[in-house]
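A look at the structure
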Amino acid sequence: MIKRISQEEILRQENIINQIKSENEGKSLTACVVTLGCVQNENDSERIRGMLAKMGYEMSSNSKTADVVIFNTCAVRENAELKVFGFLGALKHIKEQRPNMLIGICGCMIQQNHIVDKIKAKYKHVDMIFGTHSLYRFPQILYSAIKRRVVDVEDSDGYVAENLSHIRGSNVVASVSVMYGCNNFCSYCIVPYVRGRERSRFHQDILAEVEGLSAQGYKEITLVGQNVNSYGKDCGEMDFADLLHLVSQVDGIERIRFVSVHPKDITDKLIAEMASNDKVCKQLHVPLQSGSTKVLKDMNRKYSKEQYLELIKKIKTAMPNIALSTDIIVGFPTETNEDFADTLDVVKKVGYDMVYNFIYSKRKGTPAAEMEFALTEDEIKNNFDQLVNAQADILYNKNAQLQDKTVKVLVEGKSRTDENMLTGRTDSNKVVNFSGNEKNIGKIVNVKLNKIATWSLTGEIVE
């Protein structure tokens, strides 16, 4: 039975928010939330920002001057953890000069006991340490941290909490969590241990959130879950294809995406819904992880190279213009050069629009962490470079076919690199920069592509 946080408890947290807001009245206070991780982490950060705003804090991007700083962490790769420790170390002297500053760390890293022990021992200036299952208690945690250090880490299969405030990162596109946790236990992955078991939200709550976003003018929704296409299996709700269809019926929403799927759970019904539904973007992220059947078995991925390629064939048959992306781990402990050649073979056969490559990162507590490496670090690095170069060639050739073509782009806002340019995404999730009037933000416009590069597309609005 999934534990759903009662509205009485949520109301109790709201009362604490109001208490903090009352005590903060007349003060000019800022808060900074730094996110390291996946779209689910970012969705959690939006909730933290929403609660902080209701407490009277103005959002800031400067962690050195903010009155409250929260680091929302990822545990999937070691680099993310090292970044967090670097951030915490840099704030130690600032905290000494500003003792009333509150520093917190939350997210997936904090669901690991050895990480909590390290922070408690070496980073004594951190005031709040709370895990993924404690997010809904953030107001209580913050209020208590004003007087004493708080450690709130619960070993649990997780909860579902509704009606938490959000501050979205965009006024045009938004993510909506439809489920949390994962039951797959891939041998390299820490997620099931830090996010808990799969638990789906009721479809009525999801639809209410999407309808609220539509009323605010949002045009694109990304449905989010660690294994989004397992939706409903845990509670007898409808399946993900049914949910996708329901969400597409919300007036005002023009585009729908979803992440992340597991290949073993992509059904014919889901493919058919994607193909027939005009609102569902013809873009799909299908994590491969490895092209070797042997390595896939060692990873506990529950499909073979041949099954994966057959699935891709089925998807492309239903949607010939589908844009596909994937995740690939290079250097999994049991991977040989022959196994890597299988991965390269799949990449070339599929022709992905984007590949997110990662060198294997050992995660304490996972089965893969105990495995011996078949390759040296130099061999792994060489294979990684081969993959990057192969995908760059594939992507450049794909993008080259778009030269002088006109594509539909949902205008999301100003370009991060050039304030004189607007930016948006195509149905296939390609980022396009172009000149145009800000009044077009939130609209789908026609853009003729006149400058093509491997990692960027530039164009101009045409009628």
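Located above this text is the structure these notes cover.
A brief look at the structure comes next. In this text, all values refer to a predicted model and were calculated from it rather than measured experimentally.

Scanning the chain for helices and strands turns up 14 helices and 21 strands. A compact globule built from 463 residues should have a C-alpha radius of gyration of about 23 Å, and the chain, at 23 Å, falls within 12% of that. With respect to the principal axes defined by its C-alpha atoms, the chain has extents near 60 × 60 × 45 Å. Restricting to contacts in the chain with at least 6 residues of sequence separation, those with at least 24 account for 74%. Entry remark: accessible area of the chain is about 20800 Å², with carbon and sulfur atoms responsible for 48%.

The subject of this paragraph is the pattern of salt bridges. Evaluation of the coordinates by the stated rule reveals 30 salt bridges. Linking D67 and R98 is a salt bridge whose minimum nitrogen-to-oxygen distance equals 3.6 Å. With a gap of 31 residues between them, D67 in the loop between β3 (58-59) and β4 (68-73) and R98 in the loop between α4 (92-97) and β5 (102-107) connect regions that are remote in the sequence. For K219, the salt bridge goes to E254, with nearest N and O atoms at 3.9 Å. Here the residue K219 occupies a position in the loop between α8 (203-215) and β12 (220-224), and E254 occupies one in the loop between α9 (240-248) and β13 (255-259), the gap between them amounting to 35 residues.

Attention now goes to the nonpolar core. Grouped together as the largest cluster of nonpolar side chains are 66 residues, with contacts concentrated most on L223, F258, L284 and I315. Core analysis: the second largest hydrophobic core is formed by 25 residues, A75, L91, C108 and Y123 among them.

Residues of α9 that are buried include every one of F240, A241, L243, L244, V247 and S248, and no others. Within α9, the buried residues cover an arc of 160° as seen down the axis, which keeps them to one side. Considering only its buried residues, α9 is in contact with α8, β12, β13 and α10 (268-276). For α9, the N-terminal cap is D239; the gap from its side-chain oxygen to the backbone nitrogen of A241 is 3.3 Å.

What follows deals with the environment of S304. Structurally, the position occupied by S304 is in the loop between α11 (293-299) and α12 (305-318). Given the relative accessible area of 13%, S304 is considered buried. When the C-alpha positions of S304 and Y396 are compared, they lie 29 Å apart, and in sequence the two are 92 residues distant. Discounting residues that sit within four places of it in the chain, S304 has contacts with T293 and L296.

What follows is about the packing of aromatic side chains. Going through the model one piece at a time under the given rule, you end up with ten aromatic pairs. Seen in terms of ring centroids, F332 and Y360 are 5.7 Å apart; in terms of plane orientation they differ by 75°. Their pairing is edge-to-face. You can see F332 sitting in the loop between β15 (323-330) and α13 (337-350) and its partner Y360 sitting in the loop between β16 (354-359) and α14 (377-400), a full 28 residues away along the chain. According to the relative accessible area criterion, F332 is buried, its value standing at 1%. Residue classification places Y360 among the buried residues on the basis of a relative accessible area of 10%. Taken together, the ring pairs connect Y188, F332, Y360 and F373 into an aromatic cluster. One Lys or Arg, R77, reaches over the ring of F358 and ends 3.9 Å from the middle of that ring. The ring of F85 has K118 sitting right over it, with the charged end atom 4.0 Å from the ring centre.

Now for the pairing of strand β21 (residues 457-462). By the bridge criterion, four bridges tie strand β19 (residues 431-435) to β21 in an arrangement that is parallel. Bridge pairing in β21 links N433 to T458. Here six bridges tie strand β20 (residues 444-452) to β21, and the two strands are oriented antiparallel to one another. Residue pairing in the sheet places L449 in a bridge with G459 of β21. Hairpin geometry of β20 and β21 is characterised by an intervening segment of four residues between the two adjacent antiparallel strands.

Below, the discussion takes up the pairing of β4. Burial analysis of β4 places six of its six residues in the buried class, which makes it a mostly covered element. Neither face of β4 is open: one carries V68, I70 and N72, the other V69, F71 and T73, and all of them are buried. Relative to β4, strand β2 (residues 30-35) runs parallel, the two sharing five bridges. Paired with V34 across the two strands is F71, which belongs to β4. Inspection of the sheet shows β4 paired to β5 by six bridges, in the parallel sense.

This part takes up the packing of α12 against α13. Running from amino to carboxyl end, α12 crosses α13 at an angle of 10°, the nearest separation of the two axes being 11 Å. When the axis of α12 is compared with that of α13, the two are roughly parallel. Where α12 approaches α13, its residues K305, Y308, L309, I312 and K316 are matched on the opposing element by D342, D345, V346, K349 and V350. Its residues placed into classes, the contact of α12 with α13 shows five nonpolar, no polar and five charged.

Conventions we followed
Residues numbered from 1 in each chain as written. Predicted model: local features only at pLDDT ≥ 70, side-chain atom pairs only at ≥ 80, totals over all residues. Heavy atoms only, no water. Helix = DSSP H or I, 4+ residues; strand = E, 2+ residues; numbered from the N terminus. Rg over C-alpha atoms; globule rule 2.2 N^0.38 Å. Contact = heavy atoms within 4.5 Å. Areas by Shrake-Rupley, 256 points an atom, 1.4 Å probe, with all protein chains shown as cover. Salt bridge = Lys/Arg side-chain N within 4 Å of Asp/Glu carboxyl O. Core = buried A, V, L, I, M, F, W, Y, C linked by side-chain atoms within 4.5 Å. Buried < 20%, exposed > 50% of the residue type's maximum accessible area, 1.4 Å probe, protein only. Arc of directions from axis to C-beta. Polar contact = N/O pair within 3.5 Å; in protein donor to acceptor, adjacent residues only side chain to side chain. Phe/Tyr/Trp six-rings, centres within 6.5 Å; stacked < 30°, edge-to-face > 60°. Lys NZ or Arg CZ within 6 Å of the ring centre and 35° of its normal. Pairing = 2+ DSSP bridges. Axes fitted to C-alpha atoms, helices over the stretch in contact; angles between N-to-C directions. Parallel < 35°, antiparallel > 145°, perpendicular 65-115°, else oblique. Nonpolar A, V, L, I, M, F, W, Y, C, P; charged D, E, K, R; others polar.

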